[in-house]
Structure formats: C-alpha cells, structure tokens
Amino acid sequence: MSQQPYLTVDPLSSPSSPAAQPSSTMTRFKSINVFKMIREYWLLLLLVAIVGAGVGAALFLYLDREQPRFRSQAALQLSAPIQDVYAPPAEAAEAAAGGVAQIQMRANTHASLMTAQHILQRVLEVRTVQDTPWYRGIAPGRRLQELRDAVRAWVPRQQAMIHVSVSTGHRESSQIILDELLRQYRADVQNQNRIRWQGMKDMLEADVTTLRRRVDEFEAAREEYALEHRISDVALGHETALQNRTRINDELHQYRGALSAAQGQLNMLRQQSETGFAAAIHPEVLAHPHILRMDEQVRQLRVTRDTQLLQLGPTHPNVKSVEQQISSLESARREKIAELTRERAEAQLQNVVSLIDRYRARVRELEPQFAAEDDRVRELSRRRASYEALVRAEERERERLMEVTAIQDAILLRERRPDHDGVRVAYWATPAEKVFPRWYIVTPLVALALVALVGGLVVLRELLDQRIRGTDDVRMLPNADLLGVLPDADDAPGRVREIENVVRTDPAGMLAESFRNLRTAINARLDRRGFKTLMLTSAQAASGTSAIVNNLASAWAFQGRKVLVIDANVRRPAMDRLFGVSGSVGLVDVLGGRASLDEAIVPVGDPDLEVLPAGNLNGTPPEIFERGEFRALLAEVESRYDVVLLDAAPALIASDAQLMARSVDAMVMVVRAVEDTRGMIARMLDLFEGQRADVLGVVLNGARRAKSGYFRESFREFTRYHRPIPQRKVNGAPGPRRAETASAAGDDGH
C-alpha cells in the first residue's frame, strides 16, 4: 500500500511549536521478543540452516582435497634440578613440591626455545627433511616461516611436560619433521649445557689454584708469628697476668671503699664540731665516772627535795636551798658533758685523719701495679687474638677450598648422569593424523554462521523497524495507553464479509467480542470522568476509524445506552454508507443554520442508535469546528444521548481533529497495525498535548496473528469455547444439547 504524505496541519500553531515535533522520549530502537521472532521466522532460519549445511559439506570436500592438515605429536619431560648427584632421577613435578611457578616458567622457557630460528634452520638442513613432499612443495624463501607456523609447543597448566606438534599438508612429512626437531633441540640443549658447565669448570679450577696459594700463605704467616711471639707461653702468661690484675683490682677497690667511708666520717665529725656537739652526745661520755657521780648526787638531792616537799611544803627555805643545789649540779653536769664530748671528738678526728692518710698511700701504691698488669693482659690478649685470626683465616680458606673441590667433583658426576640436561623425550613423534578439515566441525560451523548472519539481519531489521506491528510496539510510545487490540479479519474464525458492521452481523464472533472488550475499556474511563462526547481519529487514511465507530456504536446500543454517531469527517464522510442512511442535510447544514438538529439526525432501525451524517459539504472549511455553533451542538446532544461518537478525519492529514479536540470531552486514537509507525503516532500524540479533550488511549487495529502472537491462543480458545458440547446420556437417555455461545447483547460475552 502506498503511503501518503503526512502533514501536520494546524492553522493556529507556528511551525516551531513543540506540539508539532516528535516526542523526545521515544527511542529509535525497540525491544525484541526473541521467542516471538523465532516463531515468525523459524521457516526462514530452517531453510538457511539446510542451505548452510549443504554449503558446509561442499566446503569440507573442497578443503579436504585442496588444504588438508596432518598433525604429529610428541612430548618432552622435564627432570628436576639435581640436588644430590647420587640420588636417582626425579621428575620436576615430584621433586619441586610448592614450586609450581618455577616449574611452569622453566617449561615455558624450553617451549619457546624449541621454535628458535637457529633450531628450525638446522632442521631444514637435514637430508631426511629435505626429501619430504612438504619441503619440495614450498618455495625456498618461505620454508623457514612455514616451518615456524607448522610447529607448536605448549605447556599444560601445572605440568612439567612440554607438548610439541607439527602440522603440515602431508601425512608422512609431519612425523619426520617432528622427530628431527626433537633431535636437534636435544642436541642444542646438550651443547648449551656442555658450554655452560665447561665455563663453570674453568672458573672453579682458577678458584682452586687461588685458594691453595692463599692457604699456603696463611699457614706460613701463622707459623712465623708463633715463633716470633712465643705463642706457646702466651696462654700461661696471660692467665697469670689476668689473676694478678684481678687480685690487685680487688684490693684497690677495697681501699678505695674504705677511703671513701673515712672521708665521710671526717666530714660528719667536722660538721658536729661546727654545731657544738649539741646533737651528738656519745654513750661513752654519759658513762664517764665523773658524770656518773654527778648523776648520783642529783638523784639523791631530788629524793631529799621530794621528802621535804611532803614535810615542809614548797615555800620552805630548806626546799628552795635543795632545788638551788640541784640546778647548780645539773649545770655543772652539762658543762662537763660538753667538755668530754669535745675531747672525744677531737681524738676521733685525729684518728680518722691518720687513717685517711694511710688509705691514700696504699691506693697510690696499688694503682701503678694495676696499670702494669692491665697493660700486660692487653698485650697478651692482642698477641693471642692475632694468632687466632691467622688460624681462622687459614681454616676459612681451607673450607672454601674443600667446597670448591666438592663442586668440581659434583659437576664431573653430574655430567656423567643421563639426566644432567634436565630434558628427556617422553615419547617420540606419533603417526600423523588428519586434524583439518573435519566434517562435524566445518559443516555445523558454516550452517551456524549463515543462520547467525541471517538472524542478525532479521534482528537488525526488527530493531530498525518503526512500524507498529503489535502490542509491544504500542507500549514503547510515550504516554500511550493501550485500550484494546482488534484482530485482522483474515485471522478470525470463519469468513467475515461485513467487517464495518460485524457487531450486528456476527455478534458471537471473535471480532465482535474484540469490539465489546474495547467498549468496556472505554466505558470505564468515560464513566469515571463523566464524559459523553468521544472523538475517534487516526494518523492516516484507511486506518479503519469509521468501521470502529460503527461497531462501537452498535456495541453501546446493545448495552442499552442511547448513542449518537456524528460523521465529523467532512473531507471523506463514510457514515451514511456504513449505516445505510440517506439524506441531503447533516452536520454541516446544522452548523451553517440551514437545518435543525432534529431534521439532520437519521434513525437506523435501532431505537438506541441514531446517526448525524456529514451533510451537504460543498467545500466546507474546517473552521466550522472551532465556532460556537459546534460547541452548542455538542452541549445539546450531550443532554439527549448517553454516548456521542464523532468520526474525525486523519489528524496528520487534516486539522479537523485538532480543532474538534478543543470542544469534545475525550478522544481515542486508532493505529493501523503494520501501516502506522511509532514516529507517526508520537507526532499525533504531540498534536493533542494540552488540548481540552483527554486522550483516553490507543486502539491497535488489524493486528495479525503471525506478527504479534497475541491472538493465536485467543482464537483457539475462543473457537473451542463456542464449539457445541456433544450429547450426554443421563440414566441411559440422551441428554439435551447446549451450545456455549456468547450472547450478542452481553457485555463481554462471558
């Protein structure tokens, strides 16, 4: 079907009005339902797979004849580094527990060296290789590169084994080349080891010569030093000097301690002398005979005083005389004690000074002796240390000489071991087997590639397809509520001839049931908001808007509602044909004042359904829908009818629908499946943004079963539900037959 140009005709809006622009929230790509796409294109994919299998089989035959590949395999086993030359050979994985990284690194190194250029070059120089068909079939300048591409060496994870393979186009060539590669590599490894060990042996021999010379030098120096310093007497002299120094040091320490104590005592006596000995009365002073006599006299006088106090009283002259005697005697006692204390302190002071002089003299006498013995000990220790250093140096050089000699012996033994090179052939080249092509790989891969290519093109087509083909495409539209889906008449069970009035002609059919479901969805929105006038429009012509208006009107009439259908498509009216009415006046005549509303309304045989045709057009301009007469007409019919349906011209072709949207209560947009695009519907939604009429939603018309997958099970269940139930016998008698058919006057047919 050829598409008409879609124009946004709105005389009241400027070209830059946002209402005329596509919605910015709409994405170019749409989501893909994989299972639905597979159901739609399964036959194409199956044919592509069959063709791909045939192409793959042909490609296999061609490759098998022209470019076969034969591969021979071998393996090298790594030996563990020799720790003990007398130990039996050990595999690397067994002898290096915990050193997997080192084993892997060593194996990878060997694998890389196997494909080195000098080894491959030597392989090409061998006569047996030059006699192979592979060698003769390659140009001289390409042989080295071809051999490098044919050889592959790899190390399996956490293994000490190197796997090697050679792939060529000739079965016998692969095994010959691989065997020669192993021989050349083993010879190269042995040669490298021989060179490395020879250099090490030369270095060790030089070290042995140097160490022997140094051992002789240290031995001669040690003997000369022992004779010169009489080392045999040093040990005894050192012990004796050490004992003398210790003894003198102990005595010197003792005298120094006594001298320090005497000086402290001298300082204390001098301090007591300066303070008058008031606080330092020694017991010896109190025990002096003169002091004892005075103490006895004082005691007797106190006894006499106490007796007289009792007899004579404290005021008696005799008592006072005795007290004066006691006082005089105590004063004389104190003076005597002080005199005796001074005498004693002076004597002690002289004794301490004399003792300090003796201590100092002894210390001055011992200090030179200690210094002399200490110097002797130091000298003997130095001689002894020097001799011991020479001995240790000689022993150290001897030990190094023994170590180097042991390494020489180990190297000699290592070279004699069969596993000294660390690599051995686990198994030689196996007979070559064909690895390419393989039919069970080439054929499926080609088939899968073609299926993937065609499938990718199908997916790309589906992603870029802007057409609205099913409910998923409608849901991608911004602010678009899906009210209902009307199937294509060709998919409905039976043969439907009059689609425009299918609700009346086939009330129990699938199409009629779809219109009733749509009527129920619209009813819920109109009743909830209290709306009565409903306009239906589409994006382009031939979307089925008029047929939907006709069937919805019949469905509402069956429901018992008073319905008026207004044919507002003054450019291409259709209601007079659909309802089979005739008349010379209609909507245009009523708005122009040439006829009354009652004269223009035509009954159609149903008492609940009437039609207002378009009338006598004669180039009627669309501005009639923005005048007050049109709004007054709608107000009058709202008072007479329960539902007023208006059939409007396509919104993207004419501006009529935009003008009517300023007066009606609600509107529904009809989308023609496969014909309309998402961008087209998005532009139409933008046109009515901000208008008085509420956009209730979108009706998807003409949805195909193969495209959307929506009606497949619905058709099957609907047909099964309306199929008559067979007769049943009740107590031996046939029961009545009853058909489960949907009532034509029912709301939803359940």
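1. Considering the overall build of the chain
Regarding its fold elements, the chain presents 25 helices and 15 strands. For the chain, the residues scored as buried account for 41% of the 750 residues in total.

2. Considering the packing of aromatic side chains
One pass over the full model with this rule turns up 3 aromatic pairs. Centre to centre, the rings of Tyr255 and Tyr359 are 6.0 Å apart; their planes meet at 70°, and the pair counts as edge-to-face. Note that Tyr255 is positioned in helix H9 (residues 231-274) and Tyr359 in helix H12 (residues 317-416), a separation of 104 residues in sequence. Between the aromatic rings of Phe625 and Phe630, the centroid separation amounts to 5.2 Å while the plane-to-plane angle is 85°, which identifies the pairing as edge-to-face. Accessibility expressed as a relative area gives 0% for Phe625, which makes it buried. Above the plane of the ring of Tyr135 lies Arg143, whose end atom (NZ or CZ) is 3.9 Å from the centre.

3. Here's the deal with the nonpolar core
Inside soluble globular proteins, nonpolar side chains tend to come together where they are buried. Of all hydrophobic cores here, the largest spans 50 residues; its most connected members are Met535, Leu612, Phe625, Leu646 and Phe688. Broken down by element, the residue count for this core peaks at 5 residues, all from helix H23 (residues 678-687). Aside from chain neighbours lying at most four places away, what touches Met535 is Leu646, Ala648, Ala657, Met660, Ala661, Val664, Ala666, Met667, Val668 and Phe688. Of all hydrophobic cores here, the second largest spans 37 residues; its members include Val502, Met575, Val602 and Leu645.

4. Overview of the environment of Leu659
Among the structural elements, Leu659 can be located in helix H22 (residues 656-660). Residue Leu659 is classed as buried on the basis of its relative accessible area, which comes to 1%. Along the backbone, Leu659 and Glu626 are 33 residues apart, and their C-alpha atoms lie at a distance of 5.8 Å.

5. Topic: the sheet that holds strand S10 (residues 609-612)
The 8 strands are arranged S6-S13-S12-S7-S11-S8-S10-S9 in an open sheet whose pairing can be described as mixed. Edge positions in the open sheet fall to strand S6 (482-487) and strand S9 (602-603), since each of these has one partner strand only. Both strand S12 (residues 666-672) and strand S13 (residues 694-703) contribute to a ladder of 7 bridges, which runs parallel. Its bridge partner lying in S13, Met667 is registered against Val695. Packing of helix H21 (residues 628-640) onto the sheet brings it into contact with strand S7 (533-538), strand S8 (563-567), S10 and strand S11 (643-647), and relative to S11 it is tilted by some 140°.

6. Some points on helix H11 (residues 289-311)
End to end, H11 covers 33 Å across 23 residues, agreeing with the expected 33 Å (1.5 Å per residue, within 8%). On its buried face, H11 is in contact with helix H10 (283-286) and H12. Of the residues one or two after H11, Gly313 is the one with positive phi, at around 100°.

7. Some words on the packing of H11 against H12
Viewed as axis vectors pointing N to C, H11 and H12 meet at an angle of 160°, and their least axial separation amounts to 9 Å. The pairing of H11 with H12 is recorded here as roughly antiparallel in orientation. When you trace H11 past H12, the crossing you get is left-handed. Its residues placed into classes, the contact of H11 with H12 shows 12 nonpolar, 6 polar and 7 charged.

8. Topic: the side chain of Asp665
Tracing the sequence through the fold places Asp665 in the loop between H22 and S12. Overall, the relative accessible area of 10% leaves Asp665 in the buried class. A polar contact is formed between the side chain of Asp665 and the side chain of Arg692, at a distance of 3.3 Å.

9. Side note on the packing of helix H4 (residues 117-124) against helix H8 (residues 171-228)
One can describe the packing of H4 onto H8 by two numbers: an axis separation of 9 Å at closest approach and a directional angle of 125°. One way to sum up the angle between H4 and H8 is to call them oblique. Both H4 and H8 take part in a crossing whose hand is right-handed. Packed against H4, whose contacting residues are His118, Ile119, Leu120, Arg122 and Val123, the element H8 presents Ile177, Glu180, Leu181, Gln184, Tyr185 and Asp188 at the interface. In terms of residue class, the contact of H4 with H8 is made up of 6 nonpolar, 2 polar and 3 charged.

10. Some words on the environment of Thr405
The topology assignment puts Thr405 in helix H12. Thr405 gets classed as partly exposed once you look at its relative accessible area, which sits at 25%. For the pair Thr405 and Glu205, spaced 200 residues apart in sequence, the C-alpha to C-alpha distance is 8.6 Å. Within polar-contact distance, the side chain of Thr405 engages the backbone oxygen of Leu401 at 2.6 Å.

Parameters at a glance
- Residues numbered from 1 in each chain as written.
- Predicted model: local features only at pLDDT ≥ 70, side-chain atom pairs only at ≥ 80, totals over all residues.
- Heavy atoms only, no water.
- Helix = DSSP H or I, 4+ residues; strand = E, 2+ residues; numbered from the N terminus.
- Buried < 20%, exposed > 50% of the residue type's maximum accessible area, 1.4 Å probe, protein only.
- Phe/Tyr/Trp six-rings, centres within 6.5 Å; stacked < 30°, edge-to-face > 60°.
- Lys NZ or Arg CZ within 6 Å of the ring centre and 35° of its normal.
- Core = buried A, V, L, I, M, F, W, Y, C linked by side-chain atoms within 4.5 Å.
- Contact = heavy atoms within 4.5 Å.
- Pairing = 2+ DSSP bridges.
- Axes fitted to C-alpha atoms, helices over the stretch in contact; angles between N-to-C directions.
- Expected span 1.5 Å × (residues − 1).
- Parallel < 35°, antiparallel > 145°, perpendicular 65-115°, else oblique.
- Left-handed = near helix turned anticlockwise from the far one by under 90°.
- Nonpolar A, V, L, I, M, F, W, Y, C, P; charged D, E, K, R; others polar.
- Polar contact = N/O pair within 3.5 Å; in protein donor to acceptor, adjacent residues only side chain to side chain.

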